Amino acid sequence: MPWYDLPQEQLKDYRTDTAEPAGLDRWWRQRLDEARAAAREPTLTRYEPGTYGPVEVYDTEFSGAGGDRIRAWYLRPAGEPGAGTPTVVKFIGYGGGRDRPAEHILLPALGYAVLVMDTRGQGGRWSTGATGDHVDGWQSGPENATVMTRGIARPEDYYYTRLFTDAVRAVETACALTGAARVAVSGMSQGGGLSLAAAALIPELVAVCHADVPFLCDIQRAITLAPQAPYTEVPEFLAHQVDLVPAALDTLRYVDCALLARRITAQCLLSVALMDMICPPSTVFAAYNEITAGKDISVFPFTGHEVPTAHVERQLRHLREFLR
């Protein structure tokens, strides 16, 4: 894997040149208000108490975009949570779903409550999911799907508009379930993008944001630079759908985390890998450099699209310090 992006000394100062859409805050407020108006109470069903012992696991559903029911795992230390229980909302990378609770047991074992959001219309590739994408009719189950161009002609119809809305509703649900005033959000790749989006769109409820090698940042640059999917789905599509190019590029501005990041107030810890062929390093720095809240970034010069275990320990220390 080569260093194919900007030199590291230039990455530190790199800023996106994509213009923010006019009225972006008002536009997102309308999307979120519509989702809240359609919401129903979450449901929790205890899952395999004999298997997970002192950790309580619940198969959970909550209302996301359009009132669609989104599956999740809710894991917590045994016993009723108090309002002081530190809580983390976890988001999943592209193509994956919530998988099994065993994949998420570390934080509950350390005393955290965790809500793991399933990813609508994904969960058919490298980890399992259980939630369909319910736009334009009922698509009831997970898919091995490519979603980067789904609904891309209009921001109101775009797949990631729905997914970002789901992420905000996941944060609101986690606060309601635990009584926490503010939570942490965490994820890698697509999950990292969702963490940034949730922290930006509902800053009053997010105290800590962990975003590892985040996707969906400086998207208009990323689709011209990334040599590997999923960003490549967009130019492959627009190479033939040439009449849609202006509309598609406009839509992508509404879900660009480098633009939304300006709204984040949480304490942030990001990571970037300089040999990442999926999320180019400059796009990660584009989001990081827009954050005005407390922040730090781990830079891994010889790492691809992954996170070394040493960084996980740094995240745990960061949570202990800032998620009170």
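As shown above, the structure is provided for reference.
Residues numbered from 1 in each chain as written. Predicted model: local features only at pLDDT ≥ 70, side-chain atom pairs only at ≥ 80, totals over all residues. Heavy atoms only, no water.

Engineer: Which residues make up the overall build of the chain, and what values go with them?
Structural biologist: Counting its secondary structure elements, the chain contains 12 helices and nine strands. Its C-alpha radius of gyration of 18 Å places the chain within 12% of the 20 Å reference for a compact globule of 324 residues. Taken along its principal axes, the extent of the C-alpha atoms in the chain is 55 × 45 × 35 Å. Excluding contacts between residues fewer than 6 apart, the proportion of contacts in the chain whose partners are at least 24 apart in sequence is 74%. Carbon and sulfur atoms provide 51% of the accessible area of the chain, an area that totals close to 12,800 Å². Across the chain, the centroid of the 30 positively charged side chains sits 4 Å from that of the 39 negatively charged ones. (Helix = DSSP H or I, 4+ residues; strand = E, 2+ residues; numbered from the N terminus. Rg over C-alpha atoms; globule rule 2.2 N^0.38 Å. Contact = heavy atoms within 4.5 Å. Areas by Shrake-Rupley, 256 points an atom, 1.4 Å probe, with all protein chains shown as cover. Lys, Arg positive; Asp, Glu negative; His and termini not counted. Charge placed at Lys NZ, Arg CZ, Asp CG, Glu CD.)

Engineer: I'd like a description of the side chain of Asp 166, backed by residues and values.
Structural biologist: Here Asp 166 is to be found in helix α5 (residues 159-178). Relative accessible area serves as the criterion here: at 0%, Asp 166 is assigned to the buried category. Apart from residues no more than four positions distant in its own chain, Asp 166 is found in contact with Phe 62, Gly 64, Ala 65, Ile 70, Met 117 and Arg 120. (Buried < 20%, exposed > 50% of the residue type's maximum accessible area, 1.4 Å probe, protein only.)

Engineer: Describe in detail the nonpolar core, supporting the description with residues and values.
Structural biologist: Counting 82 residues, the largest nonpolar core has Tyr 160, Phe 164 and Leu 196 as the members making the most contacts within it. Among the elements that make up this core, the one with the highest residue count is α5 (11 residues). Discounting residues that sit within four places of it in the chain, Leu 196 has contacts with Cys 209, Ala 211, Pro 214, Cys 217, Cys 257, Ile 264, Leu 270, Ala 287 and Ile 291. (Core = buried A, V, L, I, M, F, W, Y, C linked by side-chain atoms within 4.5 Å.)

Engineer: Please provide a residue-by-residue account of the environment of Val 272, values included.
Structural biologist: Among the structural elements, Val 272 can be located in strand β8 (residues 267-273). A C-alpha to C-alpha distance of 13 Å links Val 272 and Leu 6, two positions 266 residues apart in sequence. Residues in contact with Val 272, not counting those within four places in the same chain, are Val 213, Pro 281, Val 284, Phe 285, Ile 297, Ser 298, Val 299 and Phe 300.

Engineer: Would you mind going over the packing of aromatic side chains in detail, with residue names and values included?
Structural biologist: To describe a pair of aromatic rings, you give the distance between the ring centres and the angle between the ring planes. Counting across every chain of the model gives 14 aromatic pairs. With 6.3 Å between their ring centres and 40° between their planes, Tyr 47 and Tyr 52 make a pair best called tilted. For the pair Tyr 47 and Tyr 52, a shared accessibility class is recorded, and that class is buried. Feature note: the residues Trp 27, Trp 28, Tyr 94, Tyr 158, Tyr 159, Tyr 160, Phe 164, Phe 215, Tyr 231 and Tyr 254 constitute an aromatic cluster, connected by ring pairs. In this structure, Arg 31 is placed above the aromatic ring of Trp 27, and the distance from its NZ or CZ to the ring centre is 4.6 Å. Above the ring of Trp 73, the side-chain terminus of Arg 98 is found at 3.8 Å from the ring centroid. (Phe/Tyr/Trp six-rings, centres within 6.5 Å; stacked < 30°, edge-to-face > 60°. Lys NZ or Arg CZ within 6 Å of the ring centre and 35° of its normal.)

Engineer: Let's hear about helix α11 (residues 281-288): which residues, and what values?
Structural biologist: The element α11 is extensively covered by neighbouring structure, given that eight of its eight residues are classed as buried. Within the span of α11, buried status applies to Pro 281, Ser 282, Thr 283, Val 284, Phe 285, Ala 286, Ala 287 and Tyr 288. Tucked inside the fold, the buried residues of α11 contact α1 (8-11), α6 (190-201), α7 (219-225), α10 (257-260), β8 and β9 (295-300).

Engineer: Tell me about the sheet that holds strand β7 (residues 206-212), and please be specific about residues and values.
Structural biologist: Ordered in space as β1-β2-β3-β5-β4-β6-β7-β8-β9, the nine strands form an open sheet in which the pairing is mixed. The open sheet has two edge strands with one neighbour each: β1 (43-46) and β9. Here the strands of the sheet are splayed against their neighbours by 20° on average, with no regard to which way each runs. With nine bridges connecting them, strand β2 (residues 55-63) and strand β3 (residues 69-77) associate as antiparallel partners. Bridge assignment links Ser 63 to a residue of β3, and that residue is Arg 69. Each of β1, β2, β3, β4 (87-91), β5 (113-117), β6 (183-188) and β7 touches α5; the most contacted strand, β5, lies at about 155° to it. Against the sheet, α6 makes contact with β4, β5, β6, β7 and β8, and its axis sits at roughly 150° relative to β6, the strand it touches most. (Pairing = 2+ DSSP bridges. Axes fitted to C-alpha atoms, helices over the stretch in contact; angles between N-to-C directions.)

Engineer: Please set out the environment of Thr 60 residue by residue, giving values where relevant.
Structural biologist: Position of Thr 60 relative to the elements: it lies in strand β2. Residue classification places Thr 60 among the buried positions, given a relative accessible area of 0%. Along the backbone, Thr 60 and Met 188 are 128 residues apart, and their C-alpha atoms lie at a distance of 22 Å. Residues within four places of Thr 60 in sequence aside, it is in contact with Thr 43, Leu 44, Ile 70, Arg 71, Ala 72, Trp 73, Tyr 74 and Arg 98.

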